[in-house]
There are 2 protein chains.
Amino acid sequence: MNTVQLLSVARGEQPADRLLKNGKIVNVFSGEIEEASIALYDNVIAGVGDAYQAREEIDLDGSYVAPGLVDAHVHIESSLSIPSQFAAAVLPRGVTCVVTDPHEIANVVGTEGIRYMSQSSQGLPLSIMIMAPSCVPATHMETNGAHLDDEDLIPLLQDGTVFGLAEMMNYPGVVQGTSEVIAKLSAFQGRPLDGHAPGLRGKPLNAYAAAGIGSEHECTTVEEAAEKLARGFYILIREATNARNLHALLPLITPENSRRICFCTDDRIPGDLIDQGSIDYMVRAAILFGIDPITAFRMATLNSADWFGLHKHGAIAPGRYANFFTFDDLRCPIVRDVYAQGKLVAKDGTSLSDELAHAQKDAMIQVPQAIQQTVRINTQGVDLKIPIPHQGVSQQIENTSAVTQIAIRATIRVIGAIEDQLLTEERILPAKVVEGYAIADTERDILKMAVVERHTPKSAGTVNGVGLGFIQGFGLQRGAMASTVAHDHHNLVVIGADDDSMHRAIKQIVVMGGGVVVAEGDTILAELPLPVAGLMSDRPIEEVRVAYDQVRSVVHLLGSSLHDPLMAMSFMALEVIPKLKLTDKGLVDVEKFEIVDLFL
Amino acid sequence: MNTVQLLSVARGEQPADRLLKNGKIVNVFSGEIEEASIALYDNVIAGVGDAYQAREEIDLDGSYVAPGLVDAHVHIESSLSIPSQFAAAVLPRGVTCVVTDPHEIANVVGTEGIRYMSQSSQGLPLSIMIMAPSCVPATHMETNGAHLDDEDLIPLLQDGTVFGLAEMMNYPGVVQGTSEVIAKLSAFQGRPLDGHAPGLRGKPLNAYAAAGIGSEHECTTVEEAAEKLARGFYILIREATNARNLHALLPLITPENSRRICFCTDDRIPGDLIDQGSIDYMVRAAILFGIDPITAFRMATLNSADWFGLHKHGAIAPGRYANFFTFDDLRCPIVRDVYAQGKLVAKDGTSLSDELAHAQKDAMIQVPQAIQQTVRINTQGVDLKIPIPHQGVSQQIENTSAVTQIAIRATIRVIGAIEDQLLTEERILPAKVVEGYAIADTERDILKMAVVERHTPKSAGTVNGVGLGFIQGFGLQRGAMASTVAHDHHNLVVIGADDDSMHRAIKQIVVMGGGVVVAEGDTILAELPLPVAGLMSDRPIEEVRVAYDQVRSVVHLLGSSLHDPLMAMSFMALEVIPKLKLTDKGLVDVEKFEIVDLFL
């Protein structure tokens, strides 16, 4: 973009590239609908409001025009798609800028993964703004693929790969002021510091604010959000696939506080992006709820741009990127034509962009080999058997007088999964024991779960690090499902009714170089390869969506009644959300912040 | 400030330095009044809302507490006082942060002046945030003391002396995209770029926005301000001594657009600061007009902090500076106790601060000699006589047939000053000619005006650069007034009824090393020394105010009926505001942007 030329177009001395006439602009500055033309030069807006000459005129015929939507916090990896494919899904939704935290890929391949996300975002019509992952690894109670401290992140900031610090999930570390956390916050001083502190209130919340954290997207109640907003946090209302806070938080919004509220999606699976949408869905839902439409648009545009200092985004104004979309009804904005960086990139829900097609075509070529070969499991070295420890057994026998059909008894900590929640319970239950081994018990919906370490290189004969446990709530009656998407360390997680099915699923994932598999006995029932860091596919997102749906359907056929058992499984290994989780190092009692024994 | 200690206080694990209890906090985030305590650690707020232990407790007894006010744009030099004395005037008004453009001193001594303003602001309880002067000199049609281009400004940005680019007055250069202007804007990309474009509308305004300028403080009508706001400019409503836009612009403010509006004072003389106040006056006036009080406070606090990215200012919240003040009545907030950087610095309008007293005591010692010796005029070389040019006379005689009592006739361009405006008229009038020289004619209120170049070093015998002309509207019947405050070049400007008085005033100013003088014949009637760059006094601002008032009274006694003839005179040499102005290089037709002849 040539500034001298831009100014010449703005002055009206040379024709604009395009003129969009007869539009009703959602002016997020004045809070009004403004009937005006928009003159474009290259990828920016040169002028608004005056008649300009242009090489191409487009008559908007009285349509509304809103600024391109901004997703204030999203993990692109959760779309199971590489950036160009993710862009193909959200651009038709009017989303032209996303602030992303690539902490999934960073946990697998470190800064190389962050740079890959940056490089593969270059040239896309979607502006992908990267925040530095703040908590890689999430804790010491897991094995992941990288450890990023302040000295790893500073070069990314200096070379412009990242522009702020992403969700500081180690909120206990912030509140306590640990040196590692303080070093990271200091490195990003003056930059946006995103928060992540579910349920934090009162004095610890004050400390979290005092440390400089400026936003929060984990609020689940109006009371919590109101307190955080009053302490200075921007509230990023989230409507993810697995964490839907929008309707709970809509009553928070008032004319007086709305400027401090933004919208974000955090994690959305392909099907949700394609069927329901992204930030556009949140705008519609907010308006339908009764929020003033311009206020709703502001939360989806200018407010996020303000919080992140993205002054080329968030509004239709001279000098800002020519990012906007048309729609017909202010009461329910259905995105029609989407312009990004000055070009028409989508129409009626379908992506059109040449740049996008080009990027997609080249996508897999761009992926460094190191990012394509990340599932380092010696399948011979994976032992899923869980022998009953002698001490546990004998104690158990002494402590009970009940008579059962199981000859040897043991009591175990079982992860209690709860539908649509990342929180789990710790359930103390008797194990099903056969021939000295604790095994799954489908009658009580107790399934075996394993987390197989996949990051460190192995030689032949190496015994793999495997965390073993049991879980309730997934409902499988037979077979097993496995995935290399397992927040945040993304080891291989597998849940099954029998060890054979689990082993088969693991082997197939190793063959695919990562992904999702459902197996029963020796048979692969469904699979979705995710060769990019074991997290993302390079295929068109519609294909990914079909494969994902098939996998999910098969899991349902195997007995699970969870809405999305795959996504649910991916959070059962996340040792920062209470109460009981499983990593490759074993069961984690999150509240105690320590590894605990499976057997009591 | 120790972050680890701060967090410990925030968590409630160690006592706060101070706890302000039973306050009604103006919460600019939620837009509500919040009954809560404020816990301080060192110079910041550690916690809000919870009961804390503290070494000192202060019962606010139900008083309101508002965030320290932010002046979004002020030239400290206009207070005729050095920073520590300016601070003494505005802190008792609840102003705890000012964004300042030191372009007056920069025009005299360049970057050394900017650094002096920065250094003499260190350690003050008032946060003085410096923007880099963008237009030094204002044009090529003057002689000033420095030329600052992008390469001069970049080191100031890099070492933290400045944080953004101050009012880009060369708006024609921006709109046209001249290389010098583009270089400066590029150097400050991503930083706040303040605007200054009186009356700019339509396509040129689009160009001004497209170049990246983000604010504007020169609006005089609601229509102009509404257009600028809609194009993305923050509107800084100004209430200066000489340019009072507040009441004209209050009708602009709506609940929908108020977030994009800030308050600033630009230029205020000591008397206005002391009698009327600063930003606090604007808040009161806005509330009295009918603006919601919390909205008024936001325009005076958070909005400015947002625009400038001053995230430690503008609100009462953990991690922000402990800057706030108490008051009793939300309908008319009269500032009572002022806390800045955690300390009580003023009470009931009186400054208390030890730091301030210390800074004031050391003030003159800190002023480098180069900044104290800036009036380089060889008084022997100043010739104020205006001979009638032969060509002009003869043409005049040919062109007229009227008979008058003046034997030789000449027609001159006279600057037409208008009360309370910086704009002037060009008035074509017959000169009063005596013995071949054009002289002042008090009967028609035509006074002689001279601008004497004072920046370049002179040797004995050097003939000084002097611009000569005539001006109407000042009303002096006798004597002369002179000043080294003459925007923006700050040469010596003098207006008088006779040459002797003018010469006497010039000589006295040279003796004082700068300042303001009124003389009649051989007698000095009043004077105010301004030894710091010829712009500022190091004396207590109350003394400056008294001296200034005396000078002004004397000018009134000499016949001027202008409210403030001294301030008015200081803008008669500013060759960027139409129509006709006088610099040391001569008469400037601002619209033609060229030097024009005095004689037609």
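Within each chain, residues carry numbers counting from 1 in the order of the written sequence. Think of it this way: whatever chain is written first is A, whatever ligand is written first is 1, and the rest follow in order. Confidence filtering applies because this is a predicted model: local features only for residues at pLDDT of at least 70, side-chain atom pairs given and counted only at 80 or more, and all residues used for totals across whole chains, interfaces and linings. Neither water nor hydrogens contribute to the side-chain values; these are computed over all heavy atoms in the structure.

**Let's talk about the nonpolar core**
Only buried Ala, Val, Leu, Ile, Met, Phe, Trp, Tyr and Cys residues count toward a nonpolar core, and they belong to the same one when joined by side-chain atoms within 4.5 Å. We call a residue buried when its accessible area falls under 20% of the maximum for its residue type, exposed when it is over 50%, and partly exposed in between, using a 1.4 Å probe and counting protein chains only. Among the nonpolar cores identified, the biggest contains 375 residues, and Phe263(A), Phe474(A), Tyr208(B), Phe263(B) and Phe474(B) are the most heavily contacted of them. In what follows, residue pairs with any heavy atoms lying within 4.5 Å of each other are defined as contacts. Excluding its chain neighbours within four sequence positions, the residues that come into contact with Tyr208(B) are Met168(B), Tyr171(B), Val174(B), Val175(B), Gly195(B), His196(B), Ala197(B), Leu200(B), Ile213(B) and Phe233(B).

**Focus: the pairing of strand S15 (residues 337–340) of chain A**
Residue and element names in this part refer to chain A. Here S15 shows a buried face lined by Asp-337 and Tyr-339 and a second buried face lined by Val-338 and Ala-340. Whether two strands pair depends on DSSP finding at least two bridges between them. The secondary structure listing takes helices from DSSP runs of H or I that are at least 4 residues long and strands from runs of E that are at least 2 residues long, numbered from the N terminus. With two bridges joining them, strand S14 (residues 324–327) and S15 adopt antiparallel strand pairing. Each residue of the ladder has a partner; that of Phe-324, found in S15, is Tyr-339. Pairing geometry for S15 and strand S16 (residues 343–347), over four bridges, is antiparallel. The partner of Ala-340 across the bridge, within S16, is Lys-343. Between the end of S15 and the start of S16, which pair antiparallel, lie two residues, with Gln-341 showing a positive phi angle near 50°.

**Remarks on the relation of the copies chain A and chain B**
To line up the copies, we fit them by least squares on C-alpha atoms, keeping just the residues with pLDDT of at least 70 in both. Screw-axis analysis of chain A against chain B gives a translation of 0.0 Å along the axis, an RMSD of 0.1 Å, and a rotation angle of 180°. Here the transformation between the copies is reduced to the relation of a two-fold axis. Taken together, the interface assignments show that 100% of the residues at the interface of chain A recur at the interface of chain B, consistent with an identical surface on both copies.

**Observations regarding the interface of chain A and chain B**
Facing the 49 residues of chain A at the interface are 49 residues of chain B. Two parts lose some accessible area (1.4 Å probe) when they are put together, and adding that loss for both gives the buried area. Regarding the contact of chain A and chain B, the summed buried area is about 3900 Å², with carbon and sulfur atoms giving 52% of it. Between Lys or Arg on one side and Asp or Glu on the other, a salt bridge is scored when a side-chain nitrogen of the former is within 4 Å of a carboxyl oxygen of the latter. For the interface between chain A and chain B, the tally reads four salt bridges. Its salt-bridge partner being Asp306(B), residue Arg259(A) comes within 3.3 Å of it at the nearest N-O pair. Here a polar contact is recorded for every N or O atom pair within 3.5 Å, except that within protein the pair must consist of a potential hydrogen donor and a potential acceptor, and residues adjacent in sequence are included only if both atoms are side-chain atoms. Between the two partners, chain A and chain B, sit 20 residue pairs in polar contact (both at pLDDT 80 or more). The set of elements that each furnish at least two residues to the side of chain A that touches chain B consists of helix H1 (3–11), strand S3 (44–48), helix H5 (171–176), helix H7 (202–210), helix H8 (222–230) and helix H13 (302–308) of chain A. By residue class, the composition of the side of chain A that touches chain B is 22 nonpolar, 15 polar and 12 charged. All residues other than Ala, Val, Leu, Ile, Met, Phe, Trp, Tyr, Cys, Pro, Asp, Glu, Lys and Arg, Gly among them, are scored as polar; the first ten of these are nonpolar and the last four charged.

**A word on the pairing of strand S29 (residues 586–589) of chain B**
All names here are of chain B. Pairing geometry for strand S28 (residues 580–583) and S29, over four bridges, is antiparallel. Across the sheet, Leu-582 pairs through a bridge with Leu-587, a residue of S29. Here S28 folds back onto S29, and the loop between the two strands holds two residues.

**Structural notes on unusual backbone geometry**
Backbone torsion omega between Val136(A) and Pro137(A) reads 0°, so that peptide bond is classified as cis. With respect to the helices, strands and loops of the structure, Pro137(A) is situated in the loop between strand S8 (127–130) and helix H4 (150–158). Here Pro578(A) and Lys579(A) are connected by a cis peptide whose omega angle stands at 5°. Of note, His490(B) is a non-glycine position whose phi angle comes to about 55°, a positive value. The residue His490(B) is located in the loop between strand S24 (480–483) and strand S25 (492–496) in this model.

**Considerations on the sheet that holds strand S7 (residues 95–100) of chain A**
Residues and elements named next belong to chain A. Strand order across the open sheet formed by three strands is S6-S7-S8, with parallel pairing between neighbours. Each of the sheet's edge strands pairs with one partner strand only, and the pair in question is strand S6 (69–74) and S8. Between one strand axis and the next, the sheet turns by 15° as a mean value, whatever way the strands run. Here S7 pairs with S8 via four bridges, running parallel. By the bridge assignment, Val-98 is partnered in S8 with Ile-128. Note on geometry: axes are C-alpha line fits, over the in-contact stretch for helices, and angles between N-to-C directions span 0 to 180 degrees.

**Thoughts on helix H2 (residues 83–90) of chain A**
H2(A) sits mainly inside the fold: eight of its eight residues count as buried. Those residues of H2(A) that sit buried are Pro83(A), Ser84(A), Gln85(A), Phe86(A), Ala87(A), Ala88(A), Ala89(A) and Val90(A).

**A closer look at the sheet that holds S29(B)**
All names here are of chain B. Spatially, S28-S29-S30 is the arrangement adopted by the three strands of the open sheet, whose pairing is antiparallel. Of all the strands in the sheet, just S28 and strand S30 (594–596) have a single pairing partner and so form its edges. Between one strand and the next, the sheet's axes are offset by a mean angle of 45°, whatever the strand orientation.

**So, the packing of aromatic side chains**
The geometry of an aromatic ring pair is captured by the separation of the ring centres together with the interplanar angle, meaning the angle of the planes. Pairing of aromatic side chains here covers Phe, Tyr and the six-membered ring of Trp, requires ring centres within 6.5 Å, and sorts the geometry by plane angle: under 30 degrees stacked, over 60 edge-to-face, intermediate tilted. Evaluation of the coordinates by the stated rule reveals 18 aromatic pairs over all chains. Between Tyr208(A) and Phe233(A), the aromatic rings sit 6.0 Å apart at their centres with planes inclined by 25°, giving stacked as the arrangement. You can see Tyr208(A) sitting in helix H7 and its partner Phe233(A) sitting in the loop between H8 and strand S12 (234–238), a full 25 residues away along the chain. On the basis of relative accessible area, Phe233(A) is assigned to the buried category, the value being 1%. Ring geometry for Phe325(B) versus Phe327(B): centroids 5.9 Å apart, planes at 45°, classification tilted. An identical accessibility class is assigned to Phe325(B) and Phe327(B); each is buried. Put simply, the rings of Tyr64(A), Phe297(A), Phe325(A) and Phe327(A) touch in pairs and so form one group of aromatic residues. Charge over a ring is defined by NZ of Lys or CZ of Arg lying within 6 Å of the ring centre and within 35 degrees of the ring normal. Residue placement shows Lys312(B) over the ring face of Tyr321(B); its charged tip is 5.1 Å from the ring centre.

**Side note on the packing of helix H3 (residues 103–119) of chain B against helix H4 (residues 150–158) of chain B**
All names here are of chain B. At a closest axis distance of 11 Å, the pairing of H3 and H4 adopts a crossing angle of 20°. Taken together, the axes of H3 and H4 lie roughly parallel to each other. Note on packing geometry: the crossing formed by H3 with H4 is right-handed. Mapping the contact onto sequence places Thr-111, Ile-114 and Arg-115 in H3 and Asp-152, Pro-155 and Leu-156 in H4. Considered class by class, the residues forming the contact of H3 with H4 number three nonpolar, one polar and two charged. An angle below 35 degrees is read as roughly parallel, one above 145 as roughly antiparallel, one from 65 to 115 as roughly perpendicular, and any other as oblique. If you view the pair so one helix is near and one far, a crossing is left-handed when the near helix is turned anticlockwise from the far one by less than a right angle, and right-handed when it is turned clockwise.

**Thoughts on helix H6 (residues 179–187) of chain B**
When we look at burial in H6(B), the residues that qualify are Val181(B), Ile182(B), Lys184(B) and Leu185(B). An end-on view of H6(B) places all buried positions within 160° of arc, on one side of the element. Summarising the geometry, the arc corresponds to the directions from the helix axis toward the C-beta atoms.

**Remarks on the pattern of salt bridges**
Using the criterion set out here, one finds 70 salt bridges over all chains in the structure. Notably, a salt bridge pairs Arg238(A) with Asp266(A), separated by 2.8 Å at the nearest N-O pair. Within this pair, whereas Arg238(A) is found in strand S12, its partner Asp266(A) is found in the loop between strand S13 (261–264) and helix H10 (270–275), the two being separated by 28 residues in sequence. Of the two residues, Arg238(A) and Asp266(A), both sit in the buried class. Residue Asp549(B) is joined to Arg552(B) by a salt bridge in which the shortest nitrogen-to-oxygen separation is 3.2 Å. In this pair, Asp549(B) and Arg552(B) both sit in helix H18 (residues 541–557), three residues apart, roughly one turn of the helix. One exposure class covers both Asp549(B) and Arg552(B), and it is buried. One network of salt bridges, with partners in common, ties together Asp275(A), Arg545(A), Asp549(A), Arg552(A) and Asp564(A).

**What about the packing of H4(A) against helix H6 (residues 179–187) of chain A?**
Residues and elements named next belong to chain A. Two numbers describe how H4 lies on H6: the axes approach to 10 Å, and their chain directions differ by 10°. The angle between H4 and H6 places the two elements in the roughly parallel class. Together, Asp-150, Leu-153, Ile-154 and Leu-157 of H4 and Ala-183, Lys-184 and Ala-187 of H6 make up the contact between the two elements. Its residues assigned to classes, the contact of H4 with H6 shows five nonpolar, no polar and two charged.

**Some thoughts on the side chain of Lys579(B)**
Residue and element names in this part refer to chain B. Of note, Lys-579 is situated in the loop between helix H19 (565–570) and S28. Within the local environment of Lys-579, its side chain forms a polar contact with the side chain of Asp-589, the two groups lying 2.8 Å apart. Reaching out from Lys-579, the side chain makes a polar contact with the side chain of Glu-591 at a distance of 3.4 Å. The contact partners of Lys-579, leaving out residues within four places of it in the chain, are Thr-424, Glu-425, Glu-426, Val-588, Asp-589, Val-590 and Glu-591.

**Considerations on the environment of Leu156(A)**
Residue and element names in this part refer to chain A. Position of Leu-156 among the secondary structure elements: in helix H4. Note: C-alpha distance between Leu-156 and Thr-111 (45 residues apart in sequence) is 8.1 Å. Here Leu-156 is in contact with Thr-111, Ile-114, Arg-115, Thr-161 and Val-162, once residues within four sequence places are set aside.

**Section: the side chain of Arg268(B)**
All names here are of chain B. Among the structural elements, Arg-268 can be located in the loop between strand S13 (261–264) and helix H10 (270–275). A distance of 2.9 Å separates a polar atom in the side chain of Arg-268 from the backbone oxygen of Glu-239. Once residues within four sequence positions are removed from consideration, Arg-268 is found in contact with Ser-78, Ser-79, Glu-239, Ala-240, Thr-241, Arg-244, Leu-273, Gln-276, Gly-277, Ser-278 and Tyr-281.

**A word on the environment of Val532(B)**
By the secondary structure assignment, Val532(B) is in the loop between strand S27 (523–529) and H18. Spatially, the C-alpha atom of Val532(B) lies 8.2 Å from that of Gly513(B), the residues being 19 residues apart in sequence.

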